[in-house]
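Analysis of the macromolecular model
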Amino acid sequence: MGAPEIGGISIRLVRKVDENIDALVDTARYNTAKDPDNLDLAVLDALDEKLSEALSELRLLKDEWEIEQMMTAVAATVEGFVEVVKALPRALTHARGERVVEGAFFARAREVGNELGYDTIAAAGNNATVLHWTRNTGRINAGELLLLDAGVEADSLYTADVTRTLPANGTFTAVQRKVYEAVLDAADAGFAAAQPGAKFRDIHTAATNVLAERLAEWGLLPVSVEEAVSAEGQQHRRWMPHGTSHHLGLDVHDCAQAKRELYLDGILAEGMVFTIEPGLYFKNEDLAIPAEYRGIGVRIEDDILMTADGPVNLSAALPRKADDVESWMAGIYQELDAGKASGDIR
Ligand code: GLY
Ligand code: MN
Ligand code: MN
């Protein structure tokens, strides 16, 4: 028997970008095969996957122009978050307040960028504990937190991916602040671990170690911190069930087809752009925790550029500390009020 038939045309395809193209290429392969009945689609799929993998790996290091695009996308995203804060007072009075802030962000994304980089997550209260809450149909009640995960895609199609968790009425409650600060400390630990030469996965380990410690301090972790952070343990994942970092670029989850040894097990290097995004999510129906925690979901997500000197937070223009978030929101409302008083049209 000869080699399996793989079609007469020589073409490799990144699949699942456009279903019509997938179908066209499959048809061309079939039509040009000497022996179509013996066409080995599995071999062709594997060759296509190799191309996707190679492209993913080429994208792991961003060049200067790409880094500029990332900065453009982040700057536009920062503008979008300001619009969301401005929209919050009206959102609080609306039956679908989450849609109000989603719309405010989208309007800015279209004005200053190409589009959204991904569906906005505008999640208030317990909805923030649903990981990919993109229905955004809920109310935003005063006293709740709003988790906003949103990114503008620049005209070059590079996207930001940023999350801030904001107190809907401008002030954190004591327990919200406690959870928020644990997540912030986890993010800072991730940031400290993100050094050139360290492993990509070290960021997640550093961030989740902090969360496990906090959960233990609060009496929520059913085992010791040592057991929780061991490979067999991971009990803290009940409240932090996702990864801490992913590469970012043309796709929100850029480089996803890269080989494990270059991604999760890969070494952090100058030119990489990735997120740091720990969170804690306490569901309303979680009876394993005291009632005061329930309905609180917090994530803080920043976009990081690795340089030879260490990590640079590209999204640092958005406040991260709880006090800074409060005073940033208050400042935006003061400016709005001053504008109204002086008859400015904005
Ligand atoms: N916005 C999707 C993510 O954070 O991965
Ligand atoms: Mn992300
Ligand atoms: Mn995100």
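Residues numbered from 1 in each chain as written. Chains lettered and ligands numbered in written order. Predicted model: local features only at pLDDT ≥ 70, side-chain atom pairs only at ≥ 80, totals over all residues. Heavy atoms only, no water.

A separate point is the site of ligand 1. Lining the immediate environment of ligand 1, one finds Tyr118, Asp149, Asp161, His246, His253, Glu277 and Glu301. Between His246 and ligand 1, the recorded distance is 3.1 Å, taken from a side-chain N or O atom to an oxygen atom. The separation between an oxygen atom of ligand 1 and a polar side-chain atom of Glu277 is 3.1 Å. Summarising the interface, the protein chains cover 90% of the accessible area of ligand 1, which totals 190 Å² for the free molecule. Per-class residue counts for the shell around ligand 1 are one nonpolar, two polar and four charged. (Near = heavy atom within 4 Å. Polar contact = N/O pair within 3.5 Å; in protein donor to acceptor, adjacent residues only side chain to side chain. Areas by Shrake-Rupley, 256 points an atom, 1.4 Å probe, with all protein chains shown as cover. Nonpolar A, V, L, I, M, F, W, Y, C, P; charged D, E, K, R; others polar.)

Distances from the manganese ion (ligand 2) to its protein donors, namely Asp161 (OD), His246 (NE2), Glu277 (OE) and Glu301 (OE), fall within the range 2.0 to 2.2 Å. In this structure, the manganese ion (ligand 2) is coordinated by six donor atoms arranged in irregular fashion, with angles at the metal of 50 to 155 degrees. Donor residues for the manganese ion (ligand 2) sit on one chain with the sequence pattern D-x84-H-x30-E-x23-E. A spacing of 3.3 Å is found between the manganese ion (ligand 2) and the manganese ion (ligand 3), which share Asp161 as a donor. Of this pair, His246 sits in the loop between helix H7 (225-229) and strand S6 (273-276) while Glu301 sits in the loop between strand S8 (296-299) and strand S9 (302-307); the two residues are 55 residues apart in sequence, bridging distant segments of the chain. (Donors = N, O, S within 2.8 Å, 3.2 Å for Na, K, Ca; no water. Tetrahedral: all angles 85-135°; square planar, octahedral: opposite > 155°, others 65-115°. Helix = DSSP H or I, 4+ residues; strand = E, 2+ residues; numbered from the N terminus.)

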